[in-house]
Amino acid sequence: MRGWGRWLAAAGVFVLLGLGVGVEPSLAAECAETADGTPWWVWPLVLFVFCFVLGIIAVLAGVGGGVLYVPLVSGFFPFHLDFVRGAGLFVALAGALAAGPGLLRRNLASLRLALPVAVIASSCAIVGAFMGLALPTNVVQICLGGTIVFIAILLLMSKNVERPQVQEQDPVGLALGMSGAYQEYTGEFVQWKTHRTLPGLLLFILIGVMAGMFGLGAGWANVPVLNLLMGVPLKIAVGTSKFLLSITDTSAAWVYMNQGCVIPLMAIPSIVGLMLGSFVGVRILAVAKPKMIRYLVIGVLLFAGLRSLWKGLGL
Amino acid sequence: MSTEIETPKEQILYANILFYGCWLGIFIMIVTYFLYVSGIMEPHVPLQRISQCWSEPVGKYVEGSQVPLGWGWVVLLGKGDFLNFVGIVLLAGLTLVCFLTLIPAYVAQKRWVFALIATVEALVLILAASGILATGGH
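This structure is a prediction, so every number in the text was calculated from the model and none was measured.

### Considering the overall build of chain A
For step 1, the next point in the chain: Scanning chain A from N- to C-terminus turns up 13 helices and 2 strands.
For step 2, the next point in the chain: Taking all 315 residues of chain A together, the buried fraction comes to 58%.
For step 3, the next point in the chain: Within chain A, counting contacts between residues at least 6 apart in sequence, those at least 24 apart form 84% of the total.

See below:
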């Protein structure tokens, strides 16, 4: 727990260095207040602290940062959904990039499993991103709300299987080399292979579109498809899913960035805050009760999803 | 059964590029953000204006603040706000760099299916990054 102090100190230094110095005097007077009277630096600061807490909660609840970030920030902060989705993709991307090396080195993410899936999901994420930017905001907001409520129910209901039984690998999985092995902490070697590969790959079309359209990391969908449908062991499914986000979200993130949807003033505190929070979350994980927090997050997601629906419907 | 599971070499290379690139990107983002919000580097779009625009759809922000689309930000690297894109682009570009290293690795191993998949993925990422694809937004 002493690590907390270090991370909080680092967070404080980042915020104070960045926001406390202020702008040059002549500009400071001009930029002191926004239209509603809030100084410009307030929201980035609040966002940083919020994302720091979000990073802790996300780790404890076993969900990605993006899936919490987009509905909560679009629902409770003054930013337009376009910018929240742009930042949300980078939040999910940064988390996936940071986790990727460890997962790949320990064989907990399989590059060979991820490659074919990534091509489908990342291509469709581009399509989803363009759809999301072309559709009216209220339509996207309603779809986002519906998706978030669905995710909350999925998290509540889904019962992943630690080691699904795959009797025989199907021809598609065999041709794509979707098999491998990993070692448990007990020293046991576990070999795995996929089945129902084609329907699994087809589902990644939908997952990619949704990831791009809503700016969400798609771990909530990747894991059940890889684990329950394709028969990948839970450890490999979770690891590969996290790694997969680094590829899927990259393609959509480029689209949002090229369209001007990434505002550094709000995106960078989000990314850095969530990453620092995740490091703290990993340390707290050892002493926390993740199950209770998971239920809390499901409740928050339901609330955020319903609020998004409410906003989209203009109620 | 083997007593040791070997991680494929190309997977290790991929992991190493991600590791160093990611932390370099985060470090650059923190430094450039400090230069930006502290006022050491003057921004292209005044900070106050951004906080007025971020509640509006992206089209209004881009048009009203003369924000360049695609790679147009490169000519504005001398401005505090667009300097931040160096770190952001590094994060967004890492996966492409990794895939470009995978292609020769798979070709050398004569794993033609994987080489083809890695090539297609690299092309998808190049297409997304190029800014060629465009939409009107809203």
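### So, the overall build of chain B
For step 1, the next point in the chain: Scanning chain B from terminus to terminus reveals 6 helices and 0 strands.
For step 2, the next point in the chain: Counted from the first residue to the last, chain B has its helices and strands arranged as α-α-α-α-α-α.
For step 3, the next point in the chain: Its C-alpha atoms give chain B a radius of gyration of 20 Å, more than 25% over the compact-globule value 14 Å for 138 residues.
For step 4, the next point in the chain: C-alpha atoms of chain B, sized along the principal axes, occupy 65 × 35 × 25 Å.
For step 5, the next point in the chain: By residue count, 36% of the 138 residues in chain B fall in the buried class.

### Topic: the interface of chain A and chain B
For step 1, the next point in the chain: Counting from both sides, the interface comprises 70 residues of chain A and, opposite them, 60 residues of chain B.
For step 2, the next point in the chain: Secondary structure elements with two or more residues in the side of chain A that touches chain B: α1 (2–20), α2 (25–30), α5 (81–105), α6 (111–134), β1 (179–183), α11 (234–258) and α12 (264–284) of chain A.
For step 3, the next point in the chain: Partitioning the side of chain A that touches chain B into residue classes produces 49 nonpolar, 16 polar and 5 charged.

### Looking at unusual backbone geometry
Residues and elements named next belong to chain A.
For step 1, the next point in the chain: Even without glycine at this site, Asn107 takes up a positive phi of about 65 degrees.
For step 2, the next point in the chain: Relative to the elements of secondary structure, Asn107 occurs in the loop between α5 and α6.
For step 3, the next point in the chain: Given 20 C-beta atoms within 10 Å, Asn107 falls into the buried group.
For step 4, the next point in the chain: A positive phi angle, near 45 degrees, is found at Arg196, a position not held by glycine.
For step 5, the next point in the chain: The topology assignment puts Arg196 in the loop between β2 (189–193) and α9 (197–214).
For step 6, the next point in the chain: For Arg196, a count of 17 C-beta atoms within 10 Å puts it in the partly exposed group.

### Section: the pairing of β1 of chain A
Residue and element names in this part refer to chain A.
For step 1, the next point in the chain: Of the two faces of β1, only the one carrying Gly180 and Tyr182 is buried; Ser179, Ala181 and Gln183 on the other face are not.
For step 2, the next point in the chain: Here β1 runs beside β2; their pairing, made up of 5 bridges, is antiparallel. Residue pairing in the sheet places Ala181 in a bridge with Gln191 of β2.
For step 3, the next point in the chain: Counted along the chain from β1 to the antiparallel partner β2, the turn is 5 residues long, and its residue Gly187 has a positive phi close to 100 degrees.

### Section: the packing of α6 of chain A against α9 of chain A
Residues and elements named next belong to chain A.
For step 1, the next point in the chain: Between α6 and α9, the shortest axis-to-axis distance is 6 Å and the interhelical angle comes to 40 degrees. Classified by the angle their axes make, α6 and α9 are oblique. Taken as a pair, α6 and α9 cross one another with a handedness that is right-handed.
For step 2, the next point in the chain: Class assignment of the residues belonging to the contact of α6 with α9 gives a composition of 19 nonpolar, 6 polar and no charged.

### Let's talk about the confidence of the model for chain A
For step 1, the next point in the chain: Looking at chain A, pLDDT values average 82 and 86% of them are 70 or higher.
For step 2, the next point in the chain: Confidence over residues 7–34 of chain A falls short of pLDDT 50; this stretch has 41 contacts with residues more than four positions distant or in other chains.

### What about the nonpolar core?
Residues and elements named next belong to chain A.
For step 1, the next point in the chain: Counting 150 residues, the largest nonpolar core has Phe90, Ala114, Ala121, Met266 and Ile271 as the members making the most contacts within it.
For step 2, the next point in the chain: At 16 residues, α5 tops the list of elements feeding residues into this core.
For step 3, the next point in the chain: If we ignore the near neighbours within four places in the chain, the residues touching Ala121 are Phe204, Ile207, Gly208, Ala211, Leu244 and Thr248.

### As for helix α4 (residues 65–76) of chain A
Turn by turn, an α-helix covers 3.6 residues, leaving residues three or four places apart pointing in a common direction.
For step 1, the next point in the chain: Over its 12 residues, α4 of chain A runs 16 Å from end to end, which matches the ideal 16 Å to within 8%, given 1.5 Å per residue.
For step 2, the next point in the chain: Within the sequence span of α4 of chain A, burial applies to Gly65, Gly66, Val67, Leu68, Tyr69, Val70, Pro71, Leu72, Val73, Ser74 and Gly75 of chain A.

### Description of the environment of Thr147 of chain A
Residues and elements named next belong to chain A.
For step 1, the next point in the chain: On the secondary structure map, Thr147 appears in helix α7 (residues 137–157).
For step 2, the next point in the chain: For Thr147, a count of 22 C-beta atoms within 10 Å gives the class buried.
For step 3, the next point in the chain: A sequence separation of 91 residues divides Thr147 from Ile56, and the C-alpha atoms of the two residues are 23 Å apart.
For step 4, the next point in the chain: The contact partners of Thr147, leaving out residues within four places of it in the chain, are Met210 and Phe214.

### Overview of the environment of Leu202 of chain A
For step 1, the next point in the chain: Residue placement: Leu202 of chain A occurs in helix α9.
For step 2, the next point in the chain: Distance from Leu202 of chain A to Ile120 of chain A, taken between C-alpha atoms, is 8.2 Å for residues 82 residues apart in sequence.

### Let's talk about the confidence of the model for chain B
For step 1, the next point in the chain: Confidence along chain B averages 88 in pLDDT terms, with 93% of residues attaining 70 or more.
For step 2, the next point in the chain: Both scores are given for the predicted complex: the pTM is 0.84, the ipTM 0.91.

### Considering the packing of α4 of chain A against α5 of chain A
All names here are of chain A.
For step 1, the next point in the chain: Orientation of α4 relative to α5, taken along the N-to-C sense of each, is 160 degrees, at an axis distance of 8 Å. Regarding the angle of α4 to α5, the classification is roughly antiparallel. Seen from above, α4 lies across α5 with right-handed handedness. The residues of α5 that touch α4, namely those facing Gly65, Gly66, Tyr69, Val70, Val73 and Ser74, are Leu81, Val84, Arg85, Gly88, Leu89, Val91, Ala92 and Gly95.
For step 2, the next point in the chain: Partitioning the contact of α4 with α5 into residue classes produces 8 nonpolar, 5 polar and 1 charged.

Definitions and cut-offs
- Residues numbered from 1 in each chain as written.
- Chains lettered and ligands numbered in written order.
- Predicted model: local features only at pLDDT ≥ 70, side-chain atom pairs only at ≥ 80, totals over all residues.
- Helix = DSSP H or I, 4+ residues; strand = E, 2+ residues; numbered from the N terminus.
- Buried ≥ 20, exposed ≤ 12 C-beta atoms within 10 Å, placed from the backbone.
- Contact = placed C-beta atoms within 7 Å.
- Rg over C-alpha atoms; globule rule 2.2 N^0.38 Å.
- Nonpolar A, V, L, I, M, F, W, Y, C, P; charged D, E, K, R; others polar.
- Pairing = 2+ DSSP bridges.
- Axes fitted to C-alpha atoms, helices over the stretch in contact; angles between N-to-C directions.
- Parallel < 35°, antiparallel > 145°, perpendicular 65-115°, else oblique.
- Left-handed = near helix turned anticlockwise from the far one by under 90°.
- pLDDT = per-residue confidence, 0-100.
- Core = buried A, V, L, I, M, F, W, Y, C linked by C-beta atoms within 7 Å.
- Expected span 1.5 Å × (residues − 1).

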